[in-house]
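Notes for the structure review
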Amino acid sequence: MATAEKIKVSKKLKENIEIIKEQLDIDSNFDVMVREIKVGGKDAAIFFMDGFAKDFIMLKILEVLMHLPKEEVLPNTIQKLMQKHIGYLEVETVETVNDAIDQVLAGPLALLIDGQDEIIVLDVREYPARGPEEPDLEKVVRGSRDGFVETLVFNTALIRRRIRDPQLRMEIMQVGTRSKNDICISYIKDIANPELVQQIKDLINEIEIDGLPMAEKSVEELITPGSYWNPMPKVRYTERPDVAAVHLLEGHVLVIVDNSPSVIILPSTYWHHLQHVEEYRQSPTVGVYLRWIRFVAIFASIFVLPLWLLVSLQPSLLPQWLNFIGPEEVGKVPLLGQFLLAEISIDFMRMAAIHTPAPLATSLGLIAAILIGQVAIDIGLFIPEVLLYAAIAAVGTFSTPSYELSNANRLIRLFLLVAVGLFQLPGFIGAMIISLGLVVFTKSFGVPYLWPLIPLNLAALKGVLVRSPVPIQNVRPSMLKPQDKIRQASPAMKPMKKEKGKNNKQEE
């Protein structure tokens, strides 16, 4: 993709002003502001975007600049202004008009002075932003209530607040020839695998697109090529700073995209999408219970409907003591049709709930319960068991912490349903093999999706199945290949360290 030729800053102020006015089309864009002033007797001009600049700070800077005597700015005007008169922290110079235009469009103020071949850029912007609020998808009973917002610098500050490590890196990049979206790559330098960090940087650098209106989702699809038709999510999203900080300490890399409250965690496995912060905000015993209840709910969301349909179509598969599970009457619509209608109806209600104002949510629930549920049974469209098991599957879907994984599981459930409805037991076995193969052969940035189950790592698998107490979380996940593998000394090593320190004191 061709890039615009860089235009050096001219020492003639009028030439620079004309170029910027032409590029930004000042006459058409009401929000692009220009003000011509005098700085130490020299002609000067400032360009900025209305709505971004902080008026109070701009007023203070202009008061200083416009009252400077000539001898205070000559010679070496730019150097003297930067060192003596512009008492602002976020200030730099650029040598091309293109860079100045990019800065103005991003929010900072550009100061041009006649006779100077550099432009001073002051970051006086103040983005429209909402305050950090608890994310709707990751609520907890006990824990922090702040969450990421749409402003990049706010999000990096929320992470810095939790990790005050000088090794924490926040590297900025820009993507989009027109949108020029800011993207931050965050990692801990002496923990994260440098090859992984470089791989992610290279993939982002290779992006050639005009803009990223969908922010983090566009970035995900651009850096995970070849996975467009694979429903399994290869990255994990979070809107919680504490979750992001935990993953940084494990050796993961974060991709933070401006204009989005969702942070991408790389790489991720299937099990990452099953974790929830609530498990770590309760005692280990309660955390284990919550985790296994969640596992059961997710299992039910995938298999309850296909298995019930299978034993209904082939009752001989059931042992004698489970014969009550099948339906006594099938109804006017075939079972497969009933399940597909139920799935579509639930998706209708889910989408309607998203677009329904909160005061009308109760009315929507009544419509779902009475009109769709009870009336559909009364007229014979559904049998009660179908609605029961469809509701169980829906609850399991909503219990899945990762919204992306819940959607993928829904598609797998539909695939299994159709296979069972058409081919019964052989269809179920075949669909299971295909679905399992899809998951097994999926990788997230070189990491097997089912690690530590496939390939088997018993120590790591124990941490997946059981919420470990914090004092024994001693090592970082080996699949990340972290540089620093140890998080804390194991309990067996702590007495040895204390004894060693005691002996040293005695020797002294």
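Residues numbered from 1 in each chain as written. Predicted model: local features only at pLDDT ≥ 70, side-chain atom pairs only at ≥ 80, totals over all residues. Heavy atoms only, no water.

Looking at the nonpolar core
Judged by nonpolar contacts, the single largest core of 24 residues is most densely connected at I183, I185, I200, I204 and V255. For this core, the secondary structure elements donating two or more residues are β6 (168-175), β7 (181-188), α6 (194-205), α7 (216-223), β9 (253-257) and β10 (263-266). Ranked by residues supplied to this core, first place goes to α6 with 5 residues. Ignoring sequence-local partners within four residues, the contact set of V255 consists of I183, C184, I185, I200, I204, V219, V263, I264 and L266. By size, the runner-up hydrophobic cluster in this structure holds 22 residues, among which are I46, A53, I113 and V124. (Core = buried A, V, L, I, M, F, W, Y, C linked by side-chain atoms within 4.5 Å. Buried < 20%, exposed > 50% of the residue type's maximum accessible area, 1.4 Å probe, protein only. Helix = DSSP H or I, 4+ residues; strand = E, 2+ residues; numbered from the N terminus. Contact = heavy atoms within 4.5 Å.)

Let's talk about a nonpolar patch on the surface
Together, L341, V375, I379 and L381 make up a nonpolar patch on the protein surface, roughly 300 Å² of accessible area in all. Assignment of secondary structure puts V375 in helix α11 (residues 361-378). (Patch = residues over 30% accessible without salt bridge, like charges linked within 9 Å, V, L, I, M, F, W, Y side chains within 5 Å. Areas by Shrake-Rupley, 256 points an atom, 1.4 Å probe, with all protein chains shown as cover. Salt bridge = Lys/Arg side-chain N within 4 Å of Asp/Glu carboxyl O.)

Focus: helix α8 (residues 241-250)
Of all the 10 residues making up α8, 8 are buried; the element is thus mostly covered by neighbouring parts of the structure. Here the buried face of α8 lies against α5 (152-162), β6, β7, β8 (236-238), β9 and β10.

Comments concerning the environment of E343
Following the sequence through the fold, E343 ends up in helix α10 (residues 335-355). For E343, a relative accessible area of 5% translates into the label buried. Along the sequence, E343 and I191 sit 152 residues apart, while their C-alpha atoms lie 45 Å from each other. Residues contacting E343, with those up to four places away along its chain left out, are L305, R410, R413, L414 and L417.

A look at the sheet that holds β8
As summarised here, the arrangement of the 5 strands in space is β6-β7-β9-β10-β8, forming an open sheet in which the pairing is antiparallel. At either margin of the open sheet sits one strand with a lone partner, and together these are β6 and β8. When strand polarity is set aside, the average angle formed by the axes of neighbouring strands in this sheet is 25°. The pairing of β9 with β10 spans 4 bridges and is classified as antiparallel. What sits directly across from I256, in β10, is V263. (Pairing = 2+ DSSP bridges. Axes fitted to C-alpha atoms, helices over the stretch in contact; angles between N-to-C directions.)

Concerning the sheet that holds strand β2 (residues 42-49)
Working definition: the strands of a sheet are paired by backbone hydrogen bonds and lie parallel or antiparallel to each other. If you walk across this open sheet you meet the 5 strands as β1-β2-β4-β5-β3, and the pairing is antiparallel. In the strand order of this sheet, the two ends are held by β1 (32-39) and β3 (91-94), each with one partner. Looking at each pair of strands side by side, their axes are set apart by 25° on average, direction ignored. Two elements, strand β4 (residues 109-113) and strand β5 (residues 119-122), share 3 bridges in a ladder whose sense is antiparallel.

Structural notes on the side chain of K42
Residue position: K42 is located in strand β2. For the buried K42, no salt bridge exists, and the shortest N-O distance to an oppositely charged side chain is 6.1 Å, to D114. Setting aside residues up to four positions removed in sequence, K42 forms contacts with I37, L74, T77, I113, D114 and Q116. (Lys, Arg positive; Asp, Glu negative; His and termini not counted.)

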